[in-house]
Amino acid sequence: QVQLVESGGGLVQAGGSLRLSCAASGSIFSITFMGWHRQAPGKQRELVAAITSGGSTNYADSVKGRFTISRDNAKNTVYLQMNSLKPEDTGVYYCTVIQSPYPYWGQGTQVTVSS
């Protein structure tokens, strides 16, 4: 089993920044995928950013140029630096990791961007 603990959410004004962190612990031997999903009120959960063990990244079009995902393999931690935040970035952000063949989800952290 892998446990995920997220931190860094909160309330910020439009144009501001937040940094999310997600630390994995437990029976870790080979995490291949780490990412962040978000779910806005009334909308489906969507993948925001992802990073592989080799460092390849992928972003949703809506956050390209504003969000940066990174990971510290030694600490089994993934980060999401969010800049130039917009009200439409509001939602619950979930950390996701895959340790084949299972996905694991964090409990979610609320991000609220006020206009």
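Not measured: the values here are computed from a predicted model.

Thresholds applied
- Residues numbered from 1 in each chain as written.
- Predicted model: local features only at pLDDT ≥ 70, side-chain atom pairs only at ≥ 80, totals over all residues.
- Heavy atoms only, no water.
- Core = buried A, V, L, I, M, F, W, Y, C linked by side-chain atoms within 4.5 Å.
- Buried < 20%, exposed > 50% of the residue type's maximum accessible area, 1.4 Å probe, protein only.
- Helix = DSSP H or I, 4+ residues; strand = E, 2+ residues; numbered from the N terminus.
- Polar contact = N/O pair within 3.5 Å; in protein donor to acceptor, adjacent residues only side chain to side chain.
- Contact = heavy atoms within 4.5 Å.
- Disulfide = S-S within 2.5 Å.
- Pairing = 2+ DSSP bridges.
- Phe/Tyr/Trp six-rings, centres within 6.5 Å; stacked < 30°, edge-to-face > 60°.
- Lys NZ or Arg CZ within 6 Å of the ring centre and 35° of its normal.

1. Examining the nonpolar core
Next up, step 1: Counting 28 residues, the largest nonpolar core has W36, L80, M82 and Y93 as its most contacted members.
Next up, step 2: When residues of this core are traced back to their parent elements, those giving at least two are β1 (2-7), β3 (18-26), β4 (33-39), β5 (46-52), β7 (67-72), β8 (77-82), β9 (91-99) and β11 (109-114).
Next up, step 3: For this core, the element with the highest residue contribution is β3, accounting for 4 residues.

2. Observations regarding the side chain of Q99
Next up, step 1: Structurally, the position occupied by Q99 is in strand β9.
Next up, step 2: At a separation of 2.7 Å, a polar atom in the side chain of Q99 contacts the main-chain carbonyl oxygen of S27.
Next up, step 3: For Q99, the side chain forms a polar contact with the main-chain nitrogen of S30, separated by 3.1 Å.
Next up, step 4: Sequence-distant contacts of Q99, defined by excluding residues within four places in its chain, comprise V2, S27, I28, F29, S30, I31 and Y104.

3. Details of the state of the cysteines
Next up, step 1: According to the stated counting rule, one finds 1 disulfide in the structure shown.
Next up, step 2: Note on cysteine connectivity: C22 is disulfide-linked to C95, with sulfurs 2.1 Å apart. Here C22 and C95 share a disulfide; its torsion about the S-S bond, -80°, makes the bridge left-handed. Here C95 lies in strand β9 and C22 lies in strand β3, a separation of 73 residues in the sequence. Residue C22 shares its accessibility class with C95, and that shared class is buried.

4. Here we look at the environment of S70
Next up, step 1: Within the fold, S70 resides in strand β7.
Next up, step 2: Judged by relative accessible area, S70 falls into the partly exposed class, the value being 31%.
Next up, step 3: Separated by 10 residues in the primary sequence, S70 and L80 place their C-alpha atoms 6.6 Å from one another.
Next up, step 4: Residues within four places of S70 in sequence aside, it is in contact with I51, T77, V78 and Y79.

5. Brief notes about the pairing of β7
Next up, step 1: A one-sided burial pattern is seen for β7, the buried positions being F67, I69 and R71 and the unburied ones T68, S70 and D72.
Next up, step 2: Bridge analysis of β7 against β8 gives 6 bridges, and the strand direction is antiparallel. Across the sheet, I69 pairs through a bridge with L80, a residue of β8.
Next up, step 3: As consecutive antiparallel partners, β7 and β8 are separated by 4 residues, and within that stretch N76 has a phi angle of approximately 50°, a positive value.

6. Quick look at the packing of aromatic side chains
Next up, step 1: This structure, assessed with the given rule, holds 1 aromatic pair.
Next up, step 2: Considering the side-chain rings of Y94 and W105, the 6.4 Å spacing of their centres and the 75° angle between planes classify their relative orientation as edge-to-face. One end of the pair, Y94, is in strand β9; the other, W105, is in strand β10 (residues 102-105), and 11 residues separate them in sequence.
Next up, step 3: Above the ring of Y79, the side-chain terminus of R19 is found at 4.1 Å from the ring centroid.
Next up, step 4: The cationic tip of R45 hangs over the ring face of Y94; the distance from NZ or CZ to the ring centre is 3.8 Å.

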